[in-house]
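# Structural overview for review
Below, each chain spelled out in residue letters.
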Number of protein chains: 2
Amino acid sequence: MDAPELIRKKRDGFDLTRGEIFSFIEGFTRGEIPDYQASALLMAIFFRGMDRRETADLTEAMLRSGRVLDFSALPQAKVDKHSTGGVGDKTSLIIAPAAAAAGVLVPMISGRGLGHTGGTLDKLEAIPGFSPRLSFQDFHRVLGKCGLAFGAATEEFAPADRKIYALRDVTATVESIPLITASIMSKKLAEGIDGLVLDVKTGTGAFMQKVENARALASSLVSTGIAHGKRVHALITDMTQPLGNAVGNALEVIESVETLKGRGPRDLSDLCRELTAHMLLLGRVTDSLDDARSKYDSVIAGGRAFERFSNVVAEQGGNPRSLEDYSLLPQARHEDAVVAPKDGFISGLEARAMGVASMILGAGRERSDAIIDPAVGLVFEKKIGDEVQAGERVCVVYSNDSSRLAQALDMIRGAITISAEPVSPPPLVLERVLDTQDQ
Amino acid sequence: MDAPELIRKKRDGFDLTRGEIFSFIEGFTRGEIPDYQASALLMAIFFRGMDRRETADLTEAMLRSGRVLDFSALPQAKVDKHSTGGVGDKTSLIIAPAAAAAGVLVPMISGRGLGHTGGTLDKLEAIPGFSPRLSFQDFHRVLGKCGLAFGAATEEFAPADRKIYALRDVTATVESIPLITASIMSKKLAEGIDGLVLDVKTGTGAFMQKVENARALASSLVSTGIAHGKRVHALITDMTQPLGNAVGNALEVIESVETLKGRGPRDLSDLCRELTAHMLLLGRVTDSLDDARSKYDSVIAGGRAFERFSNVVAEQGGNPRSLEDYSLLPQARHEDAVVAPKDGFISGLEARAMGVASMILGAGRERSDAIIDPAVGLVFEKKIGDEVQAGERVCVVYSNDSSRLAQALDMIRGAITISAEPVSPPPLVLERVLDTQDQ
């Protein structure tokens, strides 16, 4: 393959053929195409984009670079959910058991958090003993037995993505919709799923801060899934403030369990209900969103969703008693409160700053090799739209390392805005992007 | 320096500061910034461009990466000429001695040919014994004695350019006006010159095939020169057909000598007169182009231009007798003719194809490490606009390797077009881009 000619073709706005895309990805993954040519091509893709066919081919080339799981021995529909990342986004812990209890299989393979956003694996590992490191046989067994299993994204899935992502990170080529699409979808399609619900976050705490970018990404993800014969729905959801009340790993486990028990905060409960309903629709458990929502309500009210979570935690080495007695989860030593400086209505809890404050406390990672503290984080007692009096608690801060506390408190204070006038909470689900057959 | 942040800045259309540009070039030249970040930045520059200030800073950063010559001990103005490259472009061999004879110093440092274009060093080295590898002391001495000297571009001049050019070549980032500008000007400014005439070629045989691109490059080169306190003029000249009649190293030496003796082909003689006139204007030898043209005519007619060339050849180890007795120059063994297939007027001698045909014969290099044959090449007996009869010779082909001859002949035949109607020769100088004080 003539790599400079291929770079020139994309640079000049022409589409790359399937063969060219596969040659490039295979050559790069094998180390035959050097990083400097790959980064030039990535920058050309950043500027010129890729059409749907190219994006689907890129996704497939990256998918084929590694292992693809096969759960065809299990008869039920396999459906997963993926979020583009946010602050306080613990929906996976709730909707995976809820959807499993309602009749789909959820083979969920997740990553860790980086920067201001959390990761599902970090949250689950706050449960004493829990491990996502399962062999394929064990993963298959847990999935068959519980209807869900939580695995870790390892080198065996889409290794081309790992190599490309590392290069994108250091060459300012992260923010490209076809590249983001191929990165997400190559890993998700490796799970051997039939359907996928995408939670594309938008707002200050999200990767896609503008709704038009979120919409473009959602559309690209859905069409790439369809091109691979999968059923895919995307919801564009709010990330201007943290989702739910808790930010931090053990704190989010507690909030997830409360939500599974029907006692979760309104926004988190509502979003989990919507995401689960779409999973059930894609898994053909129901024919309508309304029926699917009722199913969600029923597995929550009947305790079956919580039961599935408790079972999978036990199967993966975790202590299910910690889901009843939260004192068995990691506990922070210090508790501080950020109070409202004046009377009014909460008009902003800037999500990114809250995520960074949580990271500063130790709940997240600034670098991928950092160690996190599962106990620390934030719990909001007020959300956007709530009325507050001066001196009333807005946020409780749980910390262990007092040297970082002042900086986190400053950050949180700066991220709270209070309006004299009443404020409406932001709408939770902004748009839905459905594959054609369900529109 | 935060390289990804700097790449992102350019990617998003912001100007880089002088400090950022210097940090990047210095870091890359020292090997601290890896190739993959440099190629991503180069591609971002390809798409976003650089303004005049950025281009001047990039040029200076590359210039400062190596040695800058200093001829301030010699009182006369130092003026050079640079061509962006063409087929049959041997003007350097003529105008350097002509300008020197008329009173400016010409410290000319040249490169070798690549692809379909020739290089001044290759042409000069066709003269038995001639060497461009001079120490600075010898270069200075020859320049002082003859008014001109021919040197070779070595690693000591603008090493950053060498490293960047190698990367651009394999990452499809060659065709960028600020990058081309910095590459040319960093090497030319290293010559310690006061003025520079640029011959920006346009047409099928040129790097800039479209006149609007040639104009943009000319403007960028001139403004970068001005930013460095130099006087710079650029001429945009035709490269739709080879310049002069000869293409090939020894053949071009003969044609250059004939031109110095006042017997050169019309187009070559005219262009040399124009380029030299601009050099004399920049060197303040005359105040007007017309006076400068008369000076050129006088140094040619009086034999002083040829005498300078003969002197510099002798000073640099070449045999000056070969400039009188051309049989002392390398001779090709075979001579073949390409004749007109029909009566009419020559309407095209496609320059790039003629350059490639000459390269196939061995006069040029497909790769930078190839060995060339100084004897072979083409001599045109007809140029665009000339009337021909069927069977009349259009081009004489001089070759040594008969295995490549058929391919070259095919290429030449395919590059000749004949019109039934009379055709005007293309205008030679299309536009002039002068620095403000001379406009």
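Since the structure is predicted, the reported quantities are computational estimates derived from the model, not experimental observations. Going along each chain's sequence as written, the residues are numbered from 1 onward. The order in which chains are written sets their letters, starting at A; the order in which ligands are written sets their numbers, starting at 1. Restriction of local features to residues with pLDDT of at least 70 applies here, the model being predicted, together with a cutoff of 80 or more for giving and counting side-chain atom pairs; totals for whole chains, interfaces and linings are based on all residues. Only hydrogens and water are set aside; all other atoms, that is, all heavy atoms of the structure, feed into the side-chain values.

## Things to note about the overall build of chain A
We count it as follows: A run of DSSP states H or I qualifies as a helix once it reaches four residues; a run of E qualifies as a strand once it reaches two. Both are numbered from the N-terminal end. Here the radius of gyration uses the C-alpha set of atoms, whereas the globule reference equals 2.2 Å times the residue count to the power 0.38. Any residue under 20% of the maximum accessible area for its type is buried, any over 50% is exposed, and the rest in between are partly exposed; the area is computed with a 1.4 Å probe on protein chains only. Any two residues whose heavy atoms approach within 4.5 Å are treated as being in contact.
Summing up its helical and strand segments, chain A has 16 helices and 13 strands in all. Relative to the 2.2 N^0.38 estimate, which gives 22 Å for 439 residues, the radius of gyration of chain A is 22 Å and therefore close to what a compact globule would have. With respect to the principal axes defined by its C-alpha atoms, chain A has extents near 65 × 45 × 40 Å. Buried residues in chain A amount to 57% of all 439 residues. If you take every contact in chain A between residues at least 6 apart in sequence, the share linking residues at least 24 apart comes to 79%.

## Quick word on helix α4 (residues 52-63) of chain A
Residue and element names in this part refer to chain A. What counts here: One fewer than the residue count of a helix, multiplied by 1.5 Å, yields its expected span.
In a regular helix each residue adds 1.5 Å, so twelve residues correspond to 16 Å; α4 covers 16 Å between its end C-alpha atoms and thus fits that length. In terms of residue burial, α4 counts as a mostly covered element, since ten of its twelve residues are buried. Those residues of α4 not exposed but buried are Glu54, Thr55, Ala56, Asp57, Leu58, Thr59, Glu60, Ala61, Met62 and Leu63.

## A closer look at the interface of chain A and chain B
Let me state the cut-off plainly: Here the quantity called buried area is the total loss of accessible area, with a 1.4 Å probe, experienced by two parts when brought into contact, counted for both. Salt bridge, as used here: a side-chain nitrogen of Lys or Arg that lies within 4 Å of a carboxyl oxygen of Asp or Glu. Two N or O atoms count as a polar contact when they lie within 3.5 Å, although within protein this holds only if one can serve as hydrogen donor and the other as acceptor, and sequence-adjacent residues are included solely when both atoms are side-chain atoms.
Of the residues lining the interface, 22 residues belong to chain A; the matching set on chain B comes to 22 residues. Taken as a group, Arg11, Tyr36 and Phe47 of chain A account for 35% of the area that chain A buries against chain B, more than any other trio of residues on that side. Between Arg11 of chain A and Glu175 of chain B there is a salt bridge whose closest N-O contact spans 2.7 Å. Applying the counting rule to chain A against chain B returns nine residue pairs in polar contact (both at pLDDT 80 or more). Sorting the residues of the side of chain A that touches chain B by element identifies α1 (3-11), α3 (35-48) and α8 (159-170) of chain A as the ones contributing at least two each.

## Section: the relation of the copies chain A and chain B
Spelled out, the test is: Here the copies are matched by least squares. The fit uses the C-alpha atoms of residues with pLDDT of at least 70 in both.
Placing chain A over chain B gives an RMSD of 0.0 Å and needs a rotation angle of 180°, together with 0.0 Å of translation along the axis. Both copies of the chain, as the preceding transformation shows, are related through a two-fold rotation axis. Among all residues of chain A, the minimum C-alpha distance to the rotation axis is found for Tyr36 of chain A, at 1.9 Å. Interface overlap between copies is the fraction of interface residues in one copy that are interface residues in the other; for chain A against chain B it reaches 100%, indicating a shared surface.

## Focus on the pairing of strand β4 (residues 195-202) of chain B
Residue and element names in this part refer to chain B. Put simply, the rule is: Strand pairing is defined by DSSP finding a minimum of two bridges between the two strands. Throughout, right-handed denotes a crossover for which the path from the first strand over the helix to the second runs clockwise when the strands point away from the viewer.
Here β4 lies mainly inside the structure; eight of its eight residues are buried. Because side chains alternate across β4, one face comprises the buried residues Gly195, Val197, Asp199 and Lys201, and the other comprises Leu196, Leu198, Val200 and Thr202, equally buried. Note that strand β1 (residues 79-83) and β4 share five bridges and pair parallel. Bridge assignment links Asp80 to a residue of β4, and that residue is Leu196. Taken together, β4, helix α10 (residues 211-227) and strand β5 (residues 231-238) form a β-α-β motif whose crossover is right-handed.

## Quick notes on the sheet that holds strand β10 (residues 387-388) of chain B
The strands that make up a sheet pair up through hydrogen bonds in the backbone, lying either parallel or antiparallel. Residue and element names in this part refer to chain B. Our working definition: Where helices are involved, their axes are fitted lines through C-alpha atoms of the stretch in contact, as for all axes, and angles between N-to-C directions lie from 0 to 180°.
Here three strands make up an open sheet; going across it, the order is β10-β8-β12 and the pairing antiparallel. The strands lining the two open edges of the sheet, one partner per strand, are β10 and β12 (416-419). With four bridges joining them, strand β8 (residues 344-349) and β12 adopt antiparallel strand pairing. What sits directly across from Gly348, in β12, is Thr417. Helix α16 (residues 402-415) rests against β8 and β12 of the sheet, and its axis sits at about 30° to β12.

## Observations concerning the pattern of salt bridges
All told, the structure shown has 84 salt bridges over all chains when counted by the stated rule. Where Arg8 of chain B meets Glu175 of chain A, a salt bridge forms, and the shortest distance between an N and an O atom there is 3.8 Å. A residue pair is termed interchain when its members come from two chains, as with Arg8 of chain B in helix α1 (residues 3-11) and Glu175 of chain A in the loop between α8 and α9 (177-189). Looking at Arg8 of chain B, the relative accessible area reads 22%, which means it is partly exposed. Among the ionic pairs, Glu60 of chain B bridges to Arg18 of chain B, the shortest N-O distance being 3.1 Å. Of this pair, Glu60 of chain B sits in helix α4 (residues 52-63) while Arg18 of chain B is found in helix α2 (residues 18-29), placing the two residues 42 residues apart along the sequence. Residues joined by salt bridges that share partners form a network here, namely Glu5, Arg8, Arg11 and Asp12 of chain A together with Glu175 of chain B.

## Regarding the packing of aromatic side chains
Stated precisely, the cut-off is as follows: For Phe, Tyr and Trp, rings pair up if their centres lie within 6.5 Å, where Trp contributes its six-membered ring, and each pair is then called stacked (planes under 30 degrees apart), edge-to-face (over 60) or tilted (otherwise).
On inspection of all chains with the given rule, the structure shows eleven aromatic pairs over all chains. An angle of 10° between the planes, with centres 4.4 Å apart, marks the rings of Phe47 of chain A and Phe47 of chain B as stacked. With Phe47 of chain A in helix α3 and Phe47 of chain B in helix α3 (residues 35-48), this residue pair bridges two chains. Here Phe130 of chain A and Phe150 of chain A contribute two aromatic rings whose centre-to-centre distance is 6.4 Å and whose plane-to-plane angle is 65°, an arrangement assigned as edge-to-face.

## Considerations on the domain arrangement of chain A
All names here are of chain A. To keep it simple, the criterion reads: Residue ranges assigned to each domain were obtained from an automatic or database domain assignment. Ten residues, namely Ala, Val, Leu, Ile, Met, Phe, Trp, Tyr, Cys and Pro, are considered nonpolar, four, namely Asp, Glu, Lys and Arg, are considered charged, and the remaining ones, Gly among them, are considered polar.
Considered domain by domain, chain A is made up of domain 1 (3-49), domain 2 (79-324 + 429-438) and domain 3 (330-419). A separation of 24 Å is found between the C-alpha centroids of domain 2 and domain 3. With 26 residues of domain 2 at the interface, the matching set in domain 3 holds 27 residues. In this assembly, domain 2 packs against domain 3 so that about 2,000 Å² is buried in total across both faces, 55% of it on carbon and sulfur atoms. Salt-bridge contacts for Asp267 lead to Lys383; the nearest nitrogen and oxygen are separated by 2.6 Å. The leading source of residues in the side of domain 2 that touches domain 3 is helix α11 (residues 249-260), at three residues. Residues of the side of domain 2 that touches domain 3, tallied by class, amount to eleven nonpolar, twelve polar and three charged.

## As for the state of the cysteines
All names here are of chain A. Under the convention used in this document: We call a pair of cysteine sulfur atoms a disulfide when they lie within 2.5 Å.
Evaluated as defined, the whole model comprises zero disulfides over all chains. Sulfur of Cys146: no disulfide; nearest cysteine sulfur belongs to Cys272 and is 19 Å away. Given the relative accessible area of 2%, Cys146 is considered buried.

## Here's the deal with unusual backbone geometry
Residue and element names in this part refer to chain B. With phi around 55°, Ala172 is a residue other than glycine that occupies positive phi space. Relative to the helices and strands, Ala172 resides in the loop between α8 (159-170) and α9 (177-189). We classify Ala172 as buried; its relative accessible area is 0%. Even without being a glycine, Arg284 presents a positive backbone phi close to 60°. By the secondary structure assignment, Arg284 is in the loop between α12 (266-282) and α13 (289-301). On the basis of relative accessible area, Arg284 is assigned to the exposed category, the value being 58%.

## With respect to the confidence of the model for chain A
Threshold: pLDDT gives the predictor's per-residue confidence on a scale running from 0 to 100.
Scored by pLDDT, chain A has a mean of 95; 99% of the residues are at 70 or more. The complex model carries a pTM of 0.89, and its ipTM stands at 0.86.

## Considering the sheet that holds strand β11 (residues 393-399) of chain A
Residues and elements named next belong to chain A. What the four strands build is an open sheet, ordered β6-β9-β11-β7; its pairing is antiparallel. Looking at which strands have only one partner, the edges of the open sheet turn out to be β6 (246-247) and β7 (334-339). In the packing of helix α16 (residues 402-415) onto the sheet, contacts are made with β7, β9 (377-380) and β11, and the angle to β11 comes to roughly 155°.

## Quick notes on the nonpolar core
The line we're drawing: Grouping buried Ala, Val, Leu, Ile, Met, Phe, Trp, Tyr and Cys residues that are joined through side-chain atoms within 4.5 Å yields what is termed a nonpolar core.
Counting 108 residues, the largest nonpolar core has Ile127, Phe150, Phe309, Leu378, Val397, Ile412 and Ile416 of chain A as its most contacted members. For this core, the two domains that each supply at least three residues are domain 2 (79-324 + 429-438) and domain 3 (330-419) of chain A. Sequence-distant contacts of Ile127 of chain A, defined by excluding residues within four places in its chain, comprise Val253, Phe309, Val313, Gly318, Asn319, Ser322, Leu323 and Leu329 of chain A. Grouped together as the second largest cluster of nonpolar side chains are 107 residues, Ala99, Val253, Val397 and Leu405 of chain B included.

## Quick word on the side chain of Asp122 of chain A
With respect to the helices and strands, the residue Asp122 of chain A is situated in helix α6 (residues 120-124). Those residues within four positions of Asp122 of chain A in sequence are excluded, and the remaining contacts are Arg112, Gly113, Asn249, Arg365 and Ile372 of chain A.

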